[in-house]
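# Residue-level structural notes
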Amino acid sequence: MADVSFTVGRGEVAALLGPYGSGKSTLMRCLIGYFSPTSGHVRVGGIDVGEDPVAARRRLGYLPEQVTLYPDLTVRRYLAFVAGAKGLASGGRRAAVDDAMARCALAHVADQRTGTLSKGYRQRVGLAQALLGDPEVLVLDEPTVGLDPVQTVELRELVRGLGGERTVLLSTHVLHEAAVLCTRVVILSRGRLVAEDTPAELARRLEGAAHVVVRVEGPAGEVAAVLAALPGVTAVEPQPADAGAGMAFVLRAPDAAPVQRAVAAAVVGRGWTLLEVRTAGPALEELFVRAVR
Amino acid sequence: MRAFVALLRKELRHYFGSPLVYLVGAAFLAYTGYAFHADLIQFLTFGFGLNIMENLWQVVFLDVRLAVLLAVPLLTMRLLAEERRLGTLELLLTYPMTDRVVVAAKLVACLVVLAALLACTFVYPLWLNVLQPFPLAPVVAGFLGLFLLAAGCAAYGLFVSACTDSQVLASFLTLMPLLILWFLSWNEATSPGGPARVVEAVSLFNHFQPFTVGVIDARDVFYFLMLAGGFTWGTLRVLEARQWRGRR
């Protein structure tokens, strides 16, 4: 990895995006002091992870990509062990464990051995152990990988609930997840940082990426010509015929709003039927593919 | 310190919550009990009235140490290898504590088990002492020797366990060198001179034998402490190697 430099502010939820093998996990392991970088620094709340890993880790909660638990410990016992290993005072351990279990909805499996838990529950136990010790910063490596859709939504809700009070950095290759959860996106490719911004700002920066989807009933050739002549439109892309009525077109424009207004007047004025006009921001997929290339 | 206690408790719970310790303990006590019985019969038949340290306890201690050498690999093999295989090591090493705490807790837990096994064998001299009083102090020196031997071997076993994620391999690679280190000085008569001196200096046997007759020599104590310290240091370096090996 080289030239990776970014800052996540307090209370932000940031996503580390990148294809498989782009260095997300390695970067996260550097952040938590499991690996130390050959050059460069990681600071957590002002503490250099390389210089004082123990103090830095006290402020960090980490969920590894593969949540590995001791299979013959029960959930409660495992979390009690982690609380001890994280140096929590023995008086407050029970309360801390109960609190973490309540947050991650684990109370009803508290006395089950971790080896018998499903993947979704193991992931929640992983999150619960990260939360123990009340760290300011959470580093979550692919928290929703391998979960079923219901579990994924539940876990996202959990993570969303953590933002605000804590700083969360999660890695993912599910772009939708980054879009719905995060206030900041960092894109990695082949060990390098290729983009870093808020999802909205990233979209704005990629000019011309905004587009207007129009669906019209009328003579296809004429419609396309009229749409192309509208001010501000840089390209018209007829869409292949589908099950819907009429013809769909995608209009490219630097600024979508005026185009949207002009479309209605132009189409209706010629007596054609306007079935749909909507803007679609550039999908994160598109940004991602562009950035990674 | 809290982290150390939490880890130590986890390790001890793992030891005493699994059948392995009980099986190893049963075999250990059966073997040493039988050895004590046989050695006592031998002593009564052929050496009665002679020095009890040299003619009974020395033989018993040499028998017990074989049981120690055989038991240690079974007790150390899973310490780090299993954590590596399960992947729990990564998470463990990201908690706010140093690698040293992890290694220390594991080594101490193993020593607690070994000390418990040795404490059970202390019944033999106590029982004999009730039947026929004899000086116990030199026997205690023998037990100190056994414990030091066990500590050195356990540190080596922990080191091997840190190097692999296979418990079977860890156990085998622990046992073989220990046995070789033990046999090392047995052929010293055939190779006099330079090399033999070196062999004598590193032989487990040569450093253990004085304890069995009640002699505590600082050099021997130092040898076993060096062994334990050296391999503990090595274990820490192996854990550190994740930095440049780039894997867990």
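These numbers were taken from a predicted model, which means no experiment stands behind them.

Rules used in this analysis
- Residues numbered from 1 in each chain as written.
- Chains lettered and ligands numbered in written order.
- Predicted model: local features only at pLDDT ≥ 70, side-chain atom pairs only at ≥ 80, totals over all residues.
- Helix = DSSP H or I, 4+ residues; strand = E, 2+ residues; numbered from the N terminus.
- Buried ≥ 20, exposed ≤ 12 C-beta atoms within 10 Å, placed from the backbone.
- Contact = placed C-beta atoms within 7 Å.
- Nonpolar A, V, L, I, M, F, W, Y, C, P; charged D, E, K, R; others polar.
- Expected span 1.5 Å × (residues − 1).
- Arc of directions from axis to C-beta.
- Axes fitted to C-alpha atoms, helices over the stretch in contact; angles between N-to-C directions.
- Parallel < 35°, antiparallel > 145°, perpendicular 65-115°, else oblique.
- Left-handed = near helix turned anticlockwise from the far one by under 90°.
- pLDDT = per-residue confidence, 0-100.
- Domains from an automatic or database assignment.
- Pairing = 2+ DSSP bridges.
- Right-handed = clockwise from strand over helix to strand, strands pointing away.

## Considerations on the overall build of chain A
Within chain A one finds 11 helices and 12 strands. By principal-axis analysis of the C-alpha atoms, chain A measures approximately 80 × 45 × 30 Å. Out of the 293 residues belonging to chain A, those deemed buried represent 40%. Contacts in chain A between residues at least 24 apart in sequence constitute 69% of all its contacts with a sequence separation of at least 6.

## Some words on the interface of chain A and chain B
Listed by partner, the interface residues are 18 residues for chain A and 19 residues for chain B. Going through the elements one at a time, helix H2 (53-58) and helix H3 (75-85) of chain A are the ones with two or more residues in the side of chain A that touches chain B. A breakdown of the residues in the side of chain A that touches chain B according to their chemical character gives 9 nonpolar, 6 polar and 3 charged.

## With respect to helix H4 (residues 90-103) of chain A
All names here are of chain A. Over its 14 residues, H4 runs 20 Å from end to end, which matches the ideal 20 Å to within 8%, given 1.5 Å per residue. Listed in full, the buried residues belonging to H4 are Arg93, Ala96, Val97, Ala100 and Met101. Viewed along the axis of H4, the buried residues span an arc of 130°, placing them on a single side of the element. Along H4, the residues that are exposed and aim more than 90 degrees away from the buried face are Gly91, Gly92, Ala95 and Ala102. Those residues of H4 hidden inside the fold are in contact with H3 and helix H5 (119-131). In the segment just after H4, Ala105 is the residue with positive phi, at about 55°.

## Notes on the packing of helix H3 (residues 52-76) of chain B against helix H9 (residues 167-183) of chain B
Residues and elements named next belong to chain B. Where H3 contacts H9, the axes come no closer than 8 Å and their chain directions differ by 155°. In terms of orientation, H3 lies roughly antiparallel with respect to H9. Along this stretch, H3 crosses H9, giving a crossing that reads as right-handed. Touching Leu69, Val72, Pro73, Leu74 and Thr76 of H3 are Ser171, Thr174, Leu175, Leu178, Leu179 and Trp182, all from H9. Partitioning the contact of H3 with H9 into residue classes produces 8 nonpolar, 3 polar and no charged.

## Things to note about the confidence of the model for chain A
Detailed reading of the predicted model is not advised wherever pLDDT is low. Per-residue confidence for chain A averages 83 on the pLDDT scale, and 94% of its residues sit at or above 70. Predicted confidence in chain A is weakest over helix H11 (residues 284-292) of chain A, with a mean pLDDT of 68, and strongest over H3(A), with 92.

## Points about the domain arrangement of chain A
If you check the domain split of chain A, you get domain 1 (13-204) and domain 2 (206-281). Measuring from the centre of the C-alpha atoms in domain 1 of chain A to the corresponding centre in domain 2 of chain A gives 44 Å.

## Quick word on the pairing of strand S5 (residues 137-141) of chain A
Residue and element names in this part refer to chain A. With 4 of its 5 residues buried, S5 lies for the most part within the structure. As paired strands, strand S4 (residues 60-63) and S5 are joined by 4 bridges and run parallel to one another. Bridge pairing links Leu60 to Val137 in S5. Bridge analysis of S5 against strand S6 (residues 167-172) gives 5 bridges, and the strand direction is parallel. Across the sheet, the residue bridging to Leu140 is Leu170, located in S6. One crossover worth recording links S5 to the parallel S6 by way of helix H6 (residues 149-162), and it is right-handed.

## Some thoughts on the sheet that holds S5(A)
Residue and element names in this part refer to chain A. Strand order in this open sheet of 6 strands is S4-S5-S6-S1-S7-S8, and the pairing throughout is mixed. Only two strands of the sheet have a single partner each, and these edge strands are S4 and strand S8 (192-197). Neighbouring strand axes in the sheet, compared pairwise and without regard to direction, differ in orientation by 15° on average. In terms of strand pairing, strand S7 (residues 184-189) meets S8 through 5 bridges, oriented antiparallel. Directly across from Ile187, in S8, lies its bridge partner Ala195.

## Comments concerning the packing of helix H4 (residues 78-86) of chain B against helix H8 (residues 137-163) of chain B
Residue and element names in this part refer to chain B. Close contact between H4 and H8 brings their axes to 7 Å; oriented N to C, the two are set at 15°. When the interaxial angle is binned, H4 and H8 end up roughly parallel. Here H4 runs over H8; the crossing is right-handed. Here Leu79, Leu80 and Ala81 of H4 come into contact with H8, specifically with Leu158, Ser161 and Ala162.

## Quick notes on the sheet that holds strand S9 (residues 211-217) of chain A
Two pairing modes exist for strands in a sheet, parallel and antiparallel, and in both the strands are linked by backbone hydrogen bonds. Residues and elements named next belong to chain A. As summarised here, the arrangement of the 4 strands in space is S10-S11-S9-S12, forming an open sheet in which the pairing is antiparallel. Only two strands of the sheet have a single neighbouring strand rather than two, namely strand S10 (235-238) and strand S12 (273-280). Adjacent strand axes in the sheet meet at a mean angle of 20° when their direction is disregarded. When S9 meets S12, the two strands line up antiparallel, connected through 7 bridges. Within the sheet, the bridge partner assigned to Glu217 lies in S12 and is Thr273. Helix H10 (residues 256-269) rests against S9, strand S11 (247-252) and S12 of the sheet, and its axis sits at about 175° to S12.

## Regarding the environment of A:Ser25
Residues and elements named next belong to chain A. In this fold, Ser25 is placed in helix H1 (residues 24-31). Sequence separation between Ser25 and Ala96 is 71 residues; the distance between their C-alpha atoms is 28 Å. Ser25 has contacts with Glu65 and Asp141, leaving out every residue within four places of it along the chain.

## A look at the environment of A:Gln260
All names here are of chain A. For Gln260, the location among the structural elements is in helix H10. Residues Gln260 and Val212, 48 residues apart in the sequence, show an inter-C-alpha distance of 6.9 Å. With sequence-adjacent residues up to four places away left out, Gln260 is seen in contact with Val212, Val277 and Thr279.

## Section: unusual backbone geometry
Residue and element names in this part refer to chain A. A positive phi angle is found at Ala105, which is not glycine, with a value near 55°. Structurally, the position occupied by Ala105 is in the loop between H4 and H5. A positive phi angle, close to 45°, is found at Arg190, a residue other than glycine. One can find Arg190 in the loop between S7 and S8. By the C-beta count within 10 Å, which is 13 here, Arg190 ends up partly exposed.

## Topic: the confidence of the model for chain B
All names here are of chain B. Per-residue confidence for chain B gives a mean pLDDT of 88; residues scoring 70 or more make up 93%. Element-level mean pLDDT values for chain B span from 69 in helix H13 (residues 242-245) up to 94 in helix H6 (residues 99-121). Both confidence scores are given for the complex: pTM 0.81, ipTM 0.83.

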